[in-house]
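The primary structure of each chain is shown beneath.
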Amino acid sequence: MTSPYSLIWENTSDERNILNLRERKKRRTRDALLRAALELFATRGYEETTVDDIAAAVDVSQRTFFRYFGGKEETAFFVPRLAEALVIDAVRARPREEVPLEALRRAVVESWDTIHEAVDEIVPIELHMRVYRVIESTPALLAAHLRRAAELEEQLARIIAEREGLDVDADPRPRIVVALFGGVIRVTERLWSAGDDLTLDGLRALTTAYLDQVGPALAGNWRAEPSP
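Since the structure is predicted, the reported quantities are computational estimates derived from the model, not experimental observations. (Residues numbered from 1 in each chain as written. Predicted model: local features only at pLDDT ≥ 70, side-chain atom pairs only at ≥ 80, totals over all residues. Heavy atoms only, no water.)

> What exactly am I supposed to notice about the overall build of the protein chain here?
Across its full length, the protein chain carries 10 helices and 0 strands. Starting at the N terminus and ending at the C terminus, the protein chain contains elements arranged as α-α-α-α-α-α-α-α-α-α. Per-residue burial for the protein chain yields a buried fraction of 37% across its 228 residues. Taking contacts inside the protein chain between residues at least 6 apart in sequence as the whole, the part at least 24 apart equals 66%. Summed over all atoms, the accessible surface of the protein chain reaches about 13700 Å², with 54% contributed by carbon and sulfur. (Helix = DSSP H or I, 4+ residues; strand = E, 2+ residues; numbered from the N terminus. Buried < 20%, exposed > 50% of the residue type's maximum accessible area, 1.4 Å probe, protein only. Contact = heavy atoms within 4.5 Å. Areas by Shrake-Rupley, 256 points an atom, 1.4 Å probe, with all protein chains shown as cover.)

As structure tokens, this is what we get:
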């Protein structure tokens, strides 16, 4: 005899499978739209690409596109925002005995592989890196990127202040150290996007090298030696 509880479980299991199937289908559509958008940005240009172009590349309607994204700018920054969220999580997880700048540096350096894997699940890394350069060379996207960077710095400053038991509005040090950290990241982004090595490994090496120099560079003697 079949237990009524087993019937309830079977029905619930079926419903879960249906929900999981729907979620997977939605994610496939979202990722297809995202890949199409980034490919068009990288080959045609951001300003030259419309929402209709992106939807047509996936053979869906404009209405379907807007179910997943608020606009084409959101597709351009979807992957960078994912990377930022992972860095924030990594900073929160750093041991409290680390000084703030070291915690920020290690959060970036040690979460690089995690970020790589997370991005690669959505779009090819090579495509992500090509769009990275598009962001740097497109005024509207660069402005949005810098605006978001300022918001991210404020969020990180508050995390650092909380770690150190400080009032972020009364003590300037959390915002100062995060601004310094953000400045190093911007320098590496600009140098990387203007260089010849547009690989993820190239960006990683440059970022790591610059972050490793921050402490010694600031603590050292900047004064030029007098000419003999």
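> What am I meant to see in the packing of helix α5 (residues 100-110) against helix α9 (residues 173-194) here?
Between α5 and α9, the least distance of the axes is 10 Å, while the angle of their chain directions is 35°. The two elements α5 and α9 cross, and the hand of that crossing is right-handed. Within the contact between the two elements, α5 uses P100, L101, L104, R105 and V108 and α9 uses V177, V178, L180 and F181. For the contact of α5 with α9, a count of residues per class yields 8 nonpolar, no polar and 1 charged. (Axes fitted to C-alpha atoms, helices over the stretch in contact; angles between N-to-C directions. Left-handed = near helix turned anticlockwise from the far one by under 90°. Nonpolar A, V, L, I, M, F, W, Y, C, P; charged D, E, K, R; others polar.)

> When you look at the side chain of H128 in this model, what are you seeing that I'm missing?
Here H128 is to be found in helix α7 (residues 125-137). Beyond its immediate stretch of four places on either side in the chain, H128 contacts V79, P80, V119 and V123.

> I would appreciate a short explanation of the packing of helix α4 (residues 72-93) against helix α8 (residues 139-164) in the present structure.
Helix packing geometry: the angle between the two helix axes and the distance between the axes. At a minimum axis separation of 11 Å, α4 and α8 run at an interaxial angle of 15°. Taken as axis vectors, α4 and α8 run roughly parallel relative to one another. Of the two elements, α4 crosses α8, and the hand of that crossing is right-handed. Residues E73, A76, F77, R81, E84, I88, V91 and R92 of α4 touch α8, and the partners they reach there are L141, A144, H145, R147, R148, L152, Q155, L156, I159, I160 and R163. Tallied by class, the residues present in the contact of α4 with α8 amount to 10 nonpolar, 2 polar and 7 charged. (Parallel < 35°, antiparallel > 145°, perpendicular 65-115°, else oblique.)

> Could you clarify how one ought to interpret the confidence of the model for the protein chain in this entry?
In regions of low pLDDT, the predicted coordinates are not meant to be interpreted in detail. Mean pLDDT over the protein chain works out to 85, with 86% of the residues at or above the 70 mark. Segment residues 1-9 is flagged for pLDDT under 50; beyond a separation of four residues in sequence, or across chains, it makes 2 contacts in the model. (pLDDT = per-residue confidence, 0-100.)

> Looking at this structure, how should I read the pattern of salt bridges?
Opposite charge on two side chains lets them pair, provided their charged atoms get close. In the structure shown here, the tally under the stated rule is 25 salt bridges. Among the ionic pairs, D212 bridges to R105, the shortest N-O distance being 2.7 Å. Here D212 is found in helix α10 (residues 200-219), whereas its partner R105 is found in helix α5, with 107 residues between them in sequence. Given a relative accessible area of 39%, D212 falls into the partly exposed group. Residue classification places R105 among the buried residues on the basis of a relative accessible area of 17%. Between E136 and R186 there is a salt bridge; the shortest N-O distance is 2.8 Å. One end of the pair, E136, is in helix α7; the other, R186, is in helix α9, with 50 residues separating them in the sequence. Taken individually, E136 and R186 each receive the classification buried, so the pair is uniform in this respect. Here the salt bridges do not stand alone but share partners, grouping R94, E98, E102, R105, R106, E110 and D212 into one network. (Salt bridge = Lys/Arg side-chain N within 4 Å of Asp/Glu carboxyl O.)

> What exactly am I supposed to notice about the packing of aromatic side chains here?
Centre-to-centre distance and the angle between the planes together describe a pair of aromatic rings. Under the counting rule described, the total for this entry stands at 5 aromatic pairs. With 5.2 Å between their ring centres and 90° between their planes, F65 and F66 make a pair best called edge-to-face. A relative accessible area of 41% means that F66 is categorised as partly exposed. Seen from their ring centres, Y132 and W192 are 5.4 Å apart, and the 75° between their planes marks the pair as edge-to-face. With Y132 in helix α7 and W192 in helix α9, the pair connects residues that are 60 residues apart, well separated along the chain. Classification of W192 as buried rests on a relative accessible area of 3%. Among the aromatic residues, those joined into a ring-pair cluster are F65, F66, F69 and F78. A cation over a ring is seen here: K72 above Y46, with NZ or CZ 4.3 Å from the ring centre. (Phe/Tyr/Trp six-rings, centres within 6.5 Å; stacked < 30°, edge-to-face > 60°. Lys NZ or Arg CZ within 6 Å of the ring centre and 35° of its normal.)

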